[in-house]
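# Structural characterization, general
Each chain is listed here by its residues.
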Amino acid sequence: MFRTLFILIKKEFLQIFRNKSILAIIFVMPVIQLVILPLAANYEIKDIKIAVVDHDKSTQSRELIRKITASGYFKIMNYGENYNDAYQEVEKDKIDLILEIPNNFEKDLVRENNEKVLIAINAINGTKAGLSASYLGQILQNYNQQIQLEMNPELETVKKNSGLEIVPKFWFNETYNYRLSLVPGILAFLVTLIGGYLTALNIVEEKEIGTIEQINVSPIKKRDFILGKLIPFWILSMVAFTIGLLVTIFVYKIQMQGSYLLLYAFISVYLIAILGMGLLASVYSDTQQQSMFMVFFFMMIFILMSGLFTPTESMTDWAKYIAYLNPVTYGVDGVRLIMLKDSGFMDLLPHFVFIIGLAIVVISWSVLRYHKTS
Amino acid sequence: MKQLITFVKKEFWHVLRDKRTLLVLFGMPVVQVLLFGFALSTEVKNTKIGVLDQDKSQNSIELISKIKANQYFDVDKNLRSIEEAENAFKGGKIKMILVIPAQFAQDINSGKKAQLQLITDGTDINMANQIYNFMSNIIMDFYGQETLQPKSGVQPEIRMLYNPQLKGAPNFVPGVMALILLIICVLMTAIAIVREKEMGTMEVLLVSPMKPYIIILAKAIPYFILSMIILVSILILSVTVLDLPIKGSLLLLFGISIIFIITNLLLGIVISIVTDSQQTAMLIALVGTMLPTIMLSGFMFPVENMSLPLQMIGNVIPAKWYYEIVKNIMIKGTGLEVIWKHVLVLIGMMMVLFVIAVKKFKIRLE
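Residues numbered from 1 in each chain as written. Chains lettered and ligands numbered in written order. Predicted model: local features only at pLDDT ≥ 70, side-chain atom pairs only at ≥ 80, totals over all residues. Heavy atoms only, no water.

The next point concerns the UniProt feature "transmembrane region" (unreviewed entry) in chain A. Residue and element names in this part refer to chain A. Here, the residues flagged by UniProt with the feature "transmembrane region" (unreviewed entry) are residues 21-41, 182-204, 225-252, 258-280, 292-310 and 348-368. Between the end C-alpha atoms of residues 182-204 there is a gap of 33 Å, over a span that is 100% helix and 0% strand. Along residues 292-310 one finds 68% helix and 0% strand; the C-alpha atoms at either end are 26 Å apart. (UniProt positions renumbered as here; feature names shortened; annotations may be inferred. Helix = DSSP H or I, 4+ residues; strand = E, 2+ residues; numbered from the N terminus.)

Structure representation (structure tokens):
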């Protein structure tokens, strides 16, 4: 029984190695992407382009503007004469934020200790807008404290006494490395992409060319045929993962915190589930085009709803369920947990349970659906 | 001309026969626009945090209930030790821990400098930064009110332009639109031609009296029509279901979308000319375009933060320009006066791809 399987695997490998361009895609493309793409992931919001419309031009308004520039978050691009001109600049994407200081700013501030300034933010990107507003809010708060102390020096003692200090700590990433957040996640995703596509396309190709008919009429068992398809791609995906892991460690200098054994155990099981899904897609399609569109459809959802780019917590409730049923969520999270936090087997137990369950479901599903006679 | 029409008809029939692919082709944009328009958002909400209260005083309890009252955070765990805190992080369940030291109340009340620690999970830096900011604002607000007169000084009046509720959809829908049109168009043409090559039917076509450009045109036209239908259905969805208005000119949006679709179809044709199996064509089209488009075209990560070489790579991705155009026309309502440069870049890309396609195709023929 093992002989047939062995021969099938050998045949499969010979076929794969004959096609040089596929090999290049499997091994070179992920490496290039892993080297280039994480460099894009810089969420740090600084140099927010700001236009100041200062109608007051007083000492106080200048002091406020000085504080804003000194914070390092904002870059003043121009001083407009009126709001509409500045708004035109926002329309042209030249300005992110407008600060309008009213005419009697200094007077009102001194007389009534109360004044409003207008802040208009380009909010197409909600995150960026929210952060800009929050930075500016902090600067204003500081500025207000300073003004109040200037006007009521007796508050000085109160302030000194009730100082509250918040000490931030970033665990697992003391060097504040942006790439750390993304590289392991992208690694997990690239392996998913490659493993999933290869299996999905390969079996359909045999269907399309007609060679699958020959196998179907031969005495090869269904089980051997499917294993003979899965094992080579599983090995290739493991190799691709290893190459990616080397890039992560040597190019990005991300140190492996956890156990290699656990990481490989996790990826092995994970890939079985992913290849199983590719298998399922190929069972349900007759042409490569069909299976590819199907895989593409799911991959798009998988990647965008995996928590790799946007937090799963902030999704709406029904969307969270999709994220919980998404294997990539577990793949990305698992690699991150082991590599970056040294999480142990017990921490990853839910991940293992889900992935093993998924693997069993998809593989038995496709074996049941796969008929030797069509 | 008659020849072309007959050929287009034949190709169209070919496409329509494959019901399963059609289902995916039309189902995909609908499902994805809805999914990403509703579900995706980068805002901080219901973030699970842990609290390690070593003080257990009136002050610390008040502070914690103040945090609990906030929609940004869910106090998920009351921790007893720093080891327990570490384990909570390792299980990946919580994102931040607030540590209140034992002498907190004493320090606050006796006027000494009191300390609070905010430990965040640094493996997700973006999240860590955002929640740190939100949390320190909440805490400072709470304690600031006691020492200073509230609502005095300069108060900001904040106006969120174009997206007052800070929803995810205005940002994600144009991005998903660019992504879907790009990948569908490139894949469809790339495969259609390689498939004929692989099956050997291309030879038959090439020795027929049909001119090669007619063959390519006949292959591309049905997919062009399909793409336009997909575009219309995405637009209808975003207006009716997602409440995203099309503020600018619909005509302009369509005109530019046509340029973008043709550019992508040409890209697919070029890929199909240089490859010789469906698998290679698909892997190049998919693995090569999906992640780079998502990451470099600006709808996930701000382009202005990227290094110059990376921005240059982003600049050769047609979807990046289209995304900016759609954002401008749909959400901002601006016209050609703002986006003419983007449009020129797209037209330039289209022409370059056209020249490459024509040249390469001739070489193959000889």
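Right, picking up where we left off after that structure.
Moving on, we get to the sheet that holds strand E5 (residues 153-161) of chain B. Ordered by their spatial adjacency, five strands build an open sheet running E2(A)-E1(A)-E3(A)-E4(A)-E5(B), and the pairing between neighbours is mixed. A single partner strand is all that each edge strand has here, and the edge strands are strand E2 (74-79) of chain A together with E5 of chain B. Each strand of the sheet is rotated relative to its neighbour by a mean of 25°, with strand direction disregarded. Where strand E4 (residues 114-122) of chain A lies against E5(B), nine bridges are found, and the strand directions are parallel. For Ile121(A), the partnering residue across the bridge sits in E5(B) and is Met160(B). Sheet strands touched by helix H3 (residues 59-70) of chain A: strand E1 (48-54), E2 and strand E3 (97-101) of chain A. Its angle to E2(A), the strand with the most contacts, is close to 135°. Most of the contacts of helix H4 (residues 83-91) of chain A go to E3(A), to which it runs at about 170°, and overall it touches E1, E2, E3 and E4 of chain A together with E5 of chain B. (Pairing = 2+ DSSP bridges. Axes fitted to C-alpha atoms, helices over the stretch in contact; angles between N-to-C directions. Contact = heavy atoms within 4.5 Å.)

All names here are of chain B. As a packed pair, helix H7 (residues 169-199) and helix H9 (residues 212-240) sit with axes 10 Å apart at the nearest point and diverge in direction by 160°. In terms of axis orientation, H7 runs roughly antiparallel to H9. At the point where H7 passes H9, the crossing takes the right-handed sense. Touching Val173, Met177, Leu181, Ile184, Cys185, Met188, Thr189, Ala192, Ile193 and Glu196 of H7 are Ile216, Lys219, Ala220, Tyr223, Leu226, Ser227, Ile230, Leu231, Ile234, Leu235 and Ser238, all from H9. Split into classes, the residues belonging to the contact of H7 with H9 amount to 16 nonpolar, three polar and two charged. (Parallel < 35°, antiparallel > 145°, perpendicular 65-115°, else oblique. Left-handed = near helix turned anticlockwise from the far one by under 90°. Nonpolar A, V, L, I, M, F, W, Y, C, P; charged D, E, K, R; others polar.)

What follows covers the domain arrangement of chain B. Taken domain by domain, chain B comprises domain 1 (1-40 + 171-360) and domain 2 (47-147). Of note, the centres of domain 1 of chain B and domain 2 of chain B, computed from C-alpha atoms alone, are 48 Å apart. (Domains from an automatic or database assignment.)

A few words now on a nonpolar patch on the surface. Together, Phe345(A), Met346(A), Leu349(A) and Val353(A) line one region of the surface with nonpolar side chains, adding up to about 400 Å² of accessible area. Tracing the backbone through its elements, the reader meets Leu349(A) in helix H15 (residues 349-369). (Patch = residues over 30% accessible without salt bridge, like charges linked within 9 Å, V, L, I, M, F, W, Y side chains within 5 Å. Areas by Shrake-Rupley, 256 points an atom, 1.4 Å probe, with all protein chains shown as cover. Salt bridge = Lys/Arg side-chain N within 4 Å of Asp/Glu carboxyl O.)

The interface is formed by 119 residues belonging to chain B together with 121 residues belonging to chain A. Between chain B and chain A, the buried area comes to about 11,400 Å², and carbon and sulfur atoms account for 64% of it. Inspection of the chain B/chain A interface yields three salt bridges. Ionic pairing is found between Asp93(A) and Lys332(B), a salt bridge with its closest N-O pair at 2.6 Å. Taken together, chain B and chain A are joined by 25 residue pairs in polar contact (both at pLDDT 80 or more). Each residue belonging to the side of chain B that touches chain A can be placed in one class, and the counts come to 63 nonpolar, 35 polar and 21 charged. Inspection of the sheet shows strand E5 (residues 164-171) of chain A paired to strand E4 (residues 114-121) of chain B by eight bridges, in the parallel sense. (Buried area = accessible area lost by both parts, 1.4 Å probe. Polar contact = N/O pair within 3.5 Å; in protein donor to acceptor, adjacent residues only side chain to side chain.)

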